[in-house]
Amino acid sequence: MEEAKTIGLNDPPYSEIVDFLYKEAELMDEGRLSDWLELMTEDLLYRMPMRVNRGRGEQPDYSHETEIFCDDLPSLRLRIDRLSTGYAWAEDPPSRTRHVVSNVRVTATSNPDEFDVRSYILVYRNRGNSPEGDLFSGKRQDLLRNVNGHWRLAKRTILLDQAVIGSRNLSIFF
Amino acid sequence: MAGTRDLRKLVRPQDGEVSRLIFSDPEIYQQELERIFSRCWLYVAHESEIPHPGDFVTRTMGEDPVIVTRGEDQKVHVLLNTCRHRGRTVCRVDFGNAPEFRCPYHGWTYKNTGELIGVPAYKQAYPGGLDLGRLGLYEAPQVDAYKGLIFASWDVKTTSLSDYLGGMKWYLDLFVDRTDGGMEVVGPPQRWLVDTNWKLGSGNFIGDAYHVHMTHQYRIELGGTPVSPQGYQVHTENGHGLGLTHPAPGTTSEPYFGLPKEFWPQLERHLTKGQLQVLKPLRNAHGTVFPNLSFLHPAGTRSREEQFTSFFTLRQWQPKGPDKIEIWSWCLIEKDMPERWQEASRRAYLQTFGVAGTTEQDDTETWADITQANRGPVARSSFFHYGMGLGTVEPLKDWPGPGTAYPTSWIEANERAMFERWLELMTQA
């Protein structure tokens, strides 16, 4: 049944949605986070559950209770506002990031203006003078909403592919 | 190997000087694993993580992997997670419920209380038999809990947990034994890797209220409450200590960390008058149970629009090398609080602490930077300055709790006491 509702690569609004995701990635990588925030809906839920190690076949392999972050629009706005206070040391100098978005799959919902969108991400992050950076791999499950002809992000759940996160912080966005 | 006399020259808390070398030297690190992490009581789990018989979590004590299990008799066992045969780990998942653990290498099987109960093809493989009773998983000889906090020690000769915690128990009660339901963990801990030394984490949480005004100034820029030295710093025996921060002059904080009034009768039942006196006005509490268990209990609002709330986080700076740690961070909430209160508390924690926390980000950045900057021989031969209040601030004579208390939270007495304890353990015969 699910396959019947998956939007083909050549069918609207697949390419519009991919373009939205690319534009969003570009805003994040250019540090234009206020503009990035404009792409969110008022009822945004933006969260990252934590991966855990369980036996093969034991589901889920993320925790229902422990999250890495869980933000609504006001708290996400606070994270972004903090960066321009002049005291966000973890991002001063700023990280250099590259969000590569791929494997996009779009599925219709019962609401004709809303679509489930899954994508894979590889996010490279480098700071300071270190030649070594972090490479975060993950999967995003989004709810995109068409608001007056513009795509907006209403919900995002990110699962990173690490149980122990290999970086001193997650001061960037996904 | 740095000799006893050398360490006493390198670490001089009485002069407010601690050598930078001890934060990066590999030999000193190995000594710490043997003299501190193999001897002290180390935190391993919260009771609420293994509530039922058969429950287990996999943890670490220093660099030794352990399984913390609850037996049928409700007793907690801490088992070294390595097969007695040839060392493969017998449990490879983070948590679960299991009556036994089977080694994937040759199949030796252990009860969840540690006994060796199965050896595949026993008669053929070992016709002469095996002394099965002596081949159970190595078990920590000392396991005990205080108000939900489970600790273990490898040292058969160590003092009881109660004596080890000493006066610190009085202060831990302010957070973990003030309501009938007590605290429970929200879920499994976050874990992340930071290139720094464990003592920078322990040392910061034990007494560094002073860094908040600069490292975390972003909070004030966004409308958060200002900081001041109003408050106290207290250290007890065995290297433990905490800071108790009051609202800055001209600001207020809700009493008892914003716990709803209907719970105040419980506080009055669980805590003494002296404890209530200390708890009531606090805006923040931060501390360390030596060597590497720290906690934080801040209060405030998550964002300008939100209700007043508070949260309690436990964290461990797990040593992975002289310049590497894994931070393990738990969020605990009052079991009996209304759901809305619990959720606000949990979200306040996630906003500020943990690997993505806006406050914690700047701390790990600081510690990683310090470690990077002090690799070279010239930097390593110099000293960190731990002189705040040395010789100029006298302890209080009329303090309601145990330990030595100072009338300010901006002082480095706790750090000095922690390094005195460190030195004592590192130079002991």
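Residues numbered from 1 in each chain as written. Chains lettered and ligands numbered in written order. Predicted model: local features only at pLDDT ≥ 70, side-chain atom pairs only at ≥ 80, totals over all residues.

Here's the deal with the sheet that holds strand β22 (residues 383-385) of chain B
All names here are of chain B. Taken in spatial order, the three strands of this open sheet run β1-β2-β22, and their pairing is antiparallel. Where the open sheet ends on each side, the last strands, each with one partner, are β1 (11-12) and β22. Alignment of strand β2 (residues 17-19) against β22, held across three bridges, turns out to be antiparallel. Bridge pairing in β22 links Ser19 to Phe383. (Pairing = 2+ DSSP bridges. Helix = DSSP H or I, 4+ residues; strand = E, 2+ residues; numbered from the N terminus.)

So, the domain arrangement of chain B
Residues and elements named next belong to chain B. In terms of domain boundaries, chain B breaks down into domain 1 (42-157) and domain 2 (167-427). Each of domain 1 and domain 2 has a C-alpha centre, and the two are 32 Å apart. Counting from both sides, the interface comprises 13 residues of domain 1 and, opposite them, 17 residues of domain 2. Residues that form the side of domain 1 that touches domain 2 fall into these classes: four nonpolar, five polar and four charged. (Domains from an automatic or database assignment. Contact = placed C-beta atoms within 7 Å. Nonpolar A, V, L, I, M, F, W, Y, C, P; charged D, E, K, R; others polar.)

Observations regarding the pairing of strand β17 (residues 284-289) of chain B
Residues and elements named next belong to chain B. The buried fraction of β17 amounts to six of the six residues, a majority that puts the element mostly inside the structure. Burial along β17 is two-sided: the face carrying Asn284, His286 and Thr288 and the face carrying Ala285, Gly287 and Val289 are both buried. Both strand β16 (residues 241-245) and β17 contribute to a ladder of five bridges, which runs antiparallel. Across the sheet, Leu242 pairs through a bridge with Gly287, a residue of β17. Where β17 meets strand β18 (residues 293-301), six bridges bridge the pair, whose relative direction is antiparallel. (Buried ≥ 20, exposed ≤ 12 C-beta atoms within 10 Å, placed from the backbone.)

Focus on helix α6 (residues 198-207) of chain B
Across the ten residues of α6 of chain B, ten count as buried, placing the element largely inside the fold. Along α6 of chain B, the residues that are buried comprise Trp198, Lys199, Leu200, Gly201, Ser202, Gly203, Asn204, Phe205, Ile206 and Gly207 of chain B.

Quick look at the packing of α6 of chain B against helix α14 (residues 413-427) of chain B
All names here are of chain B. Relative to each other, α6 and α14 sit at 135 degrees, their axes nearing to 8 Å. On the basis of their axis angle, the class for α6 and α14 is oblique. Considering only the axes of α6 and α14, their crossing is right-handed. Each of Ser202, Gly203, Ile206 and Gly207 in α6 lies in contact with α14, whose residues at this interface are Ala413, Asn414, Glu415 and Met418. Its residues placed into classes, the contact of α6 with α14 shows three nonpolar, four polar and one charged. (Axes fitted to C-alpha atoms, helices over the stretch in contact; angles between N-to-C directions. Parallel < 35°, antiparallel > 145°, perpendicular 65-115°, else oblique. Left-handed = near helix turned anticlockwise from the far one by under 90°.)

Details of the interface of chain B and chain A
Facing 33 residues of chain B, the contacting portion of chain A comprises 31 residues. At the level of secondary structure, the elements contributing two or more residues to the side of chain B that touches chain A comprise β14 (190-194), α8 (218-221), α11 (339-352) and α12 (360-373) of chain B. Tallying contributions element by element places α12 of chain B first for the side of chain B that touches chain A, with six residues. Residues of the side of chain B that touches chain A, tallied by class, amount to twelve nonpolar, eleven polar and ten charged.

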